[in-house]
Amino acid sequence: MSTRSPASPASAKVPAVLAGLLAGGAAGTLLTETVGAFSAFVLGRALDVAGTGGVLLAVFVAVPLICAALGAVIALRRAGRNNRRSHHPGR
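Residues numbered from 1 in each chain as written. Predicted model: local features only at pLDDT ≥ 70, side-chain atom pairs only at ≥ 80, totals over all residues. Heavy atoms only, no water.

Enquirer: What am I meant to see in the overall build of the chain here?
Expert: The helix and strand tally for the chain stands at two helices and zero strands. Put simply, of all contacts in the chain between residues at least 6 apart along the chain, 77% involve residues at least 24 apart. Of the roughly 6,800 Å² that the chain leaves accessible, carbon and sulfur atoms contribute 69%. (Helix = DSSP H or I, 4+ residues; strand = E, 2+ residues; numbered from the N terminus. Contact = heavy atoms within 4.5 Å. Areas by Shrake-Rupley, 256 points an atom, 1.4 Å probe, with all protein chains shown as cover.)

Enquirer: Before we go on, may I ask you to explain the side chain of Thr 32 in this structure?
Expert: Here Thr 32 is to be found in helix H1 (residues 14-42). By relative accessible area, Thr 32 is classed as buried at 8%. Setting aside chain neighbours within four positions, we find Thr 32 in contact with Phe 60, Val 63 and Pro 64. (Buried < 20%, exposed > 50% of the residue type's maximum accessible area, 1.4 Å probe, protein only.)

Enquirer: How should the side chain of Ser 39 be read in this particular structure?
Expert: As for its position among the elements, Ser 39 is in helix H1. Those residues in contact with Ser 39, other than ones at most four positions away along the chain, are Gly 44, Arg 45, Ala 46 and Leu 47.

Enquirer: I'm lost on the environment of Ala 23 in this one. Help?
Expert: Relative to the assigned elements, Ala 23 resides in helix H1. Residues Ala 23 and Ala 68 lie 45 residues apart in sequence; the distance between their C-alpha atoms is 7.0 Å.

Enquirer: How do you make sense of a nonpolar patch on the surface when you look at a structure like this?
Expert: Nonpolar side chains collect at one region of the surface, where Phe 38, Phe 41, Val 42 and Leu 43 lie side by side and expose about 490 Å² of accessible area between them. Position of Phe 38 among the secondary structure elements: in helix H1. (Patch = residues over 30% accessible without salt bridge, like charges linked within 9 Å, V, L, I, M, F, W, Y side chains within 5 Å. Salt bridge = Lys/Arg side-chain N within 4 Å of Asp/Glu carboxyl O.)

Enquirer: Can you help me understand the environment of Gly 36 in this one?
Expert: Mapped onto the fold, Gly 36 is located in helix H1. Considered as a pair, Gly 36 and Phe 60 are 24 residues apart in the sequence and their alpha carbons are 9.5 Å apart.

Enquirer: Hey, could you run me through the environment of Pro 15 in this one?
Expert: The residue Pro 15 is located in helix H1 in this model. On the basis of relative accessibility, which here comes to 54%, the residue Pro 15 falls in the exposed class. Here the alpha-carbon distance between Pro 15 and Leu 76, two residues 61 residues apart in the chain, equals 9.5 Å.

Enquirer: Which parts of the structure should I look at to understand H1?
Expert: Note: α-helices contain 3.6 residues per turn, so residues at a spacing of three or four share the same orientation. The end-to-end C-alpha separation of H1 is 41 Å, in line with the 42 Å expected for 29 residues at 1.5 Å each. Of all the positions in H1, only Gly 20, Gly 24, Gly 25, Gly 28, Thr 32 and Ser 39 are classed as buried. Looking one or two residues past H1, Gly 44 carries a phi angle of roughly 75°, positive in sign. (Expected span 1.5 Å × (residues − 1).)

See the structure below:
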């Protein structure tokens, strides 16, 4: 009889991935807001999202989405690594 516990199913990693998704999205939103505030208050020039032909708008939408995806991937990898460590306490 083996003393090793079975590998956790993928559903056990879902909470970690959701937390990473939310944290990454929040970080991306904070990043875009910081760039906008820096531009407005420090440089004295508000960003004109409509006047750039949609490029700046696409960037301001894409950055939080990319950060959210990165947060989910990082959380998934960390959840997998922590799961492997819990099965091998001597390492």
